[in-house]
Amino acid sequence: MPEHRVQHGDGSGAGAPLFPCGIVPVIKLSDAAKAPPLAKALLAGGVDVIEITFRTAAAPDAIAAIAKEVPGMTVGAGTVLTLSQLRAAKDAGAAFIVSPGLDADIVRAALADGLDVIPGAVTPTEIGQALSLGLTAVKFFPAQIYGGAAAVKALAAPFAGMKFVPTGGIDQGNAPDYWKLPQVLAVGGTWMAPERLIDAGDFGAVERLARDAVNLRKGLGIC
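Residues numbered from 1 in each chain as written. Predicted model: local features only at pLDDT ≥ 70, side-chain atom pairs only at ≥ 80, totals over all residues. Heavy atoms only, no water.

A.B. asks: With reference to specific residues and values, describe the overall build of the protein.
C.D. replies: Secondary structure summary: the protein contains nine helices and eight strands in total. Relative to the compact-globule value of 17 Å for 223 residues, the protein shows a C-alpha radius of gyration of 16 Å, a close match. Overall, the C-alpha framework of the protein stretches about 45 × 40 × 30 Å when taken along its three principal axes. Residues counted as buried form 52% of the 223 residues belonging to the protein. The contacts of the protein with a sequence gap of at least 6 include a subset with a gap of at least 24, amounting to 62%. A total of about 9200 Å² of accessible surface is found on the protein, and carbon and sulfur atoms cover 52% of it. Charged side chains in the protein number 18 positive and 20 negative. The centres of these two groups are separated by 4 Å. (Helix = DSSP H or I, 4+ residues; strand = E, 2+ residues; numbered from the N terminus. Rg over C-alpha atoms; globule rule 2.2 N^0.38 Å. Buried < 20%, exposed > 50% of the residue type's maximum accessible area, 1.4 Å probe, protein only. Contact = heavy atoms within 4.5 Å. Areas by Shrake-Rupley, 256 points an atom, 1.4 Å probe, with all protein chains shown as cover. Lys, Arg positive; Asp, Glu negative; His and termini not counted. Charge placed at Lys NZ, Arg CZ, Asp CG, Glu CD.)

This is the structure we're talking about:
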């Protein structure tokens, strides 16, 4: 799959590829102190991107800790629903923004701040709106409920150039169905770092799961 660069606010599409390994662990953290060791474990396993969701109050501190202590990890903010969360994510050092739906105000604000932004879009109308806002990638969420890989393939056909980041109900069993599609920029999920392992501080297991995910993708001849 060719490297893809998500559109920036200046329309250049410049910068490093956003998801070079095609895997995005989606993480909910209640303890920001666990963020750096978690990020280091994922990085050791070959995964260099992490999405910290704004589902807990610890998200900004977790993002800031990773940005400061794990320079090899690209950290983004997920479940961004408000402009105040967007500002908090930016101030914490988030490199990209992910939201479950498409909010034009959040998209415009993120692009104006020079942040990559991937809003949720699962219908032709929403994908068209994303295109009109200058975006080249959307989050397909919740992926399994909205038709899975077959739906992504069907939607991609009339929207040439649009890339998809499916998330929701994806695990090691069905992730290959998405990775095989050239329109899929990356696959997001929690299976590389389940909450139970994070709570237990078992970062060795997280590293092994991350490596397994990377090897699974490599086995498809993609990266």
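Additional details are given in the paragraphs that follow.
A.B. asks: Could you give me a rundown of empty space enclosed by the protein, with the residues and numbers involved?
C.D. replies: Applying the stated criterion across every chain, the model contains one cavity of 30 Å³ or more. If you add up the space inside the largest cavity, you get close to 50 Å³. Contributing to the lining of the largest cavity are Phe19, Val24, Val26, Glu51, Val98, Ile118, Lys139, Val165, Thr167 and Gly188. Looking at the lining of the largest cavity, its residues break down into six nonpolar, two polar and two charged. (1 Å grid on protein atoms, 1.4 Å probe; cavity = no way out; pocket = protein on both sides within 12 Å on 5 of 7 lines; lining within 4 Å. Points joined across faces, edges and corners; volume = space filled by probe spheres on them. Nonpolar A, V, L, I, M, F, W, Y, C, P; charged D, E, K, R; others polar.)

A.B. asks: Tell me about the packing of aromatic side chains, and please be specific about residues and values.
C.D. replies: On inspection of all chains with the given rule, the structure shows two aromatic pairs. Geometrically, the ring pair formed by Phe19 and Phe96 is edge-to-face, given 5.3 Å between the ring centres and 90 degrees between the ring planes. With Phe19 in the segment before strand E1 (23–27) and Phe96 in strand E4 (residues 96–98), this pair connects stretches of sequence that are 77 residues apart. Summarising the burial analysis for this pair, Phe19 and Phe96 share the class buried. The positively charged end of Lys139 is found above the aromatic ring belonging to Phe141, 4.5 Å away from the centroid. (Phe/Tyr/Trp six-rings, centres within 6.5 Å; stacked < 30°, edge-to-face > 60°. Lys NZ or Arg CZ within 6 Å of the ring centre and 35° of its normal.)

A.B. asks: Hey, could you go over the pairing of strand E2 (residues 49–53) for me, with residue numbers and the actual values?
C.D. replies: For E2, the buried fraction is high: five of the five residues fall into the buried class. Residues Val49, Glu51 and Thr53 of E2 are buried on one face, and the alternating residues Ile50 and Ile52, pointing to the opposite face, are buried as well. Of the strand pairs in this sheet, E1 and E2 are connected by two bridges, and their pairing is parallel. By the bridge assignment for E2, Ile27 is matched with Ile52. Remark: the E1/helix H1 (residues 35–44)/E2 crossover connection has right-handed handedness. Two elements, E2 and strand E3 (residues 74–78), share five bridges in a ladder whose sense is parallel. Residue pairing for E3: Ile52 is matched across the bridge by Ala77. (Pairing = 2+ DSSP bridges. Right-handed = clockwise from strand over helix to strand, strands pointing away.)

A.B. asks: Kindly report on the pairing of E1, identifying the contributing residues and their values.
C.D. replies: The element E1 is largely enclosed, with a buried count of five among its five residues. Both faces of E1 are covered, namely the face carrying Ile23, Pro25 and Ile27 and the face carrying Val24 and Val26. Strand direction decides the pairing type here: E1 and strand E8 (residues 187–189), joined by three bridges, are parallel. By the bridge assignment for E8, Pro25 is matched with Gly189.

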